[in-house]
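Coordinate inspection notes
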Amino acid sequence: MGTFVLAGTDGSAESTAAAHWAADEALRRGLALRLVHAWTWEDDLHADPSQPASVRTLAERMLADTAQQVREAHPGLELHTGLLTGGEPAADLAAAAADAELLAVGSLGLGRFEGLLVGSIGLDVAARCEVPVVLVRAAQPQPGEAPGEVVVGIDTRAPADAVVDFAFRAAEARGAVLRVVHGWTPPPVWGYAGWVAPETEAEQFRVLEAELLTQGLGGWRAKYPQVTVVEDSRIGSGAGAVVDASAGAALVVVGRRRHRLGRVAHAVSHHAKSPVAIVPHD
């Protein structure tokens, strides 16, 4: 377990939302928050060539302003700041997160690839980081709103313990319902209409897949008896099922193999309507 929660910021609305999300998470876990800015070529674009020190000054000012906002909104939070000046944001953030509980960064979602920690950089961070990475949108629930569900997508034939455990702990900490989503596709058979699955066989597979999901969660229910679990087994792609369930969720949790993003994690990170935690596993 890490000793702090890490958040990356560049002053954008998305990264500021990530900083606030990380502050909430740090308080839930009883940890400190470390807020950092990873240097990029974009910092140099805003600098005055006649004043070389201005780049660092602007970055430090932005970092201090964001930290002040976060402190004011989260009384009692232990918060530290730092600049990462290696010049390779994804690698710098991954290295800084080595001892963290998790890393939170801003995300614009699909269609806009601008700003620090968005698009290829954000996905690179998520793919290489050894701890869970949470991608946070700018629009977040307001204080006082009822907590949404925690949604986790799993493969019943190859469940990843690290992913499921992260989701259960997140639901427990929030007092939220945990929705466990499993998307599956019945094997097709040849018919006059092409490759189709007869309704009778589809129903048999629906029962089988639901049973596999129930069996796979038995031990986790016993480990986290206070967490209310909703089993959601549905026909369709895994990514599509998770994205559909993400509307109104407090957090979506998906897994990835170490050092690469799979199709589900990649699609969910772009299209989910809530913060997405991408959890590495073997």
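Residues numbered from 1 in each chain as written. Predicted model: local features only at pLDDT ≥ 70, side-chain atom pairs only at ≥ 80, totals over all residues. Heavy atoms only, no water.

**Notes on the packing of helix H8 (residues 238-245) against helix H9 (residues 263-271)**
Each packed pair of helices is defined by two parameters, the angle between the axes and the distance between the axes. Between H8 and H9, the least distance of the axes is 9 Å, while the angle of their chain directions is 25 degrees. One way to sum up the angle between H8 and H9 is to call them roughly parallel. Where H8 crosses over H9, the two elements pack in a sense that is right-handed. Taking contact as the criterion, the partners of Ala239, Val242 and Val243 in H8 are, on H9, Val264, Ala267, Val268 and His271. Of the residues belonging to the contact of H8 with H9, the class tally is 6 nonpolar, 1 polar and no charged. (Axes fitted to C-alpha atoms, helices over the stretch in contact; angles between N-to-C directions. Helix = DSSP H or I, 4+ residues; strand = E, 2+ residues; numbered from the N terminus. Parallel < 35°, antiparallel > 145°, perpendicular 65-115°, else oblique. Left-handed = near helix turned anticlockwise from the far one by under 90°. Contact = heavy atoms within 4.5 Å. Nonpolar A, V, L, I, M, F, W, Y, C, P; charged D, E, K, R; others polar.)

**Here we look at the sheet that holds strand S7 (residues 178-184)**
Pairing is mixed in the open sheet, where 10 strands are placed in the order S3-S2-S1-S4-S5-S12-S11-S6-S7-S10. Sheet topology places strand S3 (79-84) and strand S10 (229-235) at the edges, where each strand pairs with a single neighbour. If you compare each strand with its neighbour and ignore which way they point, the axes differ by 25 degrees on average. One ladder, built from 7 bridges, connects S7 with S10; its direction is parallel. Pairing of Val180 across the sheet is with Glu231, part of S10. (Pairing = 2+ DSSP bridges.)

**Side note on the pattern of salt bridges**
Counting across every chain of the model gives 12 salt bridges. For Glu25, the salt bridge is made with Arg174, and the minimal N-O distance between the two is 2.7 Å. You can see Glu25 sitting in helix H1 (residues 13-29) and its partner Arg174 sitting in helix H6 (residues 161-174), a full 149 residues away along the chain. Grouping residues by exposure puts Glu25 and Arg174 together as buried. (Salt bridge = Lys/Arg side-chain N within 4 Å of Asp/Glu carboxyl O. Buried < 20%, exposed > 50% of the residue type's maximum accessible area, 1.4 Å probe, protein only.)

**Focus: the nonpolar core**
One finds Leu33, Phe168, Leu178, Leu251 and Val253 to be the most contacted residues of the largest nonpolar core, which totals 48 residues. Residues in contact with Val253, not counting those within four places in the same chain, are Val150, Val151, Val152, Gly153, Val163, Phe166, Ala167, Ala277 and Val279. If you look at the next biggest cluster of nonpolar residues, it comprises 36 residues, including Leu84, Leu135, Val151 and Ile278. (Core = buried A, V, L, I, M, F, W, Y, C linked by side-chain atoms within 4.5 Å.)

**As for H1**
In this model H1 runs 24 Å from its N-terminal to its C-terminal C-alpha over 17 residues, within 8% of the 24 Å that 1.5 Å per residue would give. Along H1, the residues classified as buried are Glu14, Ser15, Thr16, Ala17, Ala18, Ala19, Trp21, Ala22, Ala23, Glu25 and Ala26. Backbone geometry just after H1 places Gly30 at a positive phi near 70 degrees. (Expected span 1.5 Å × (residues − 1).)

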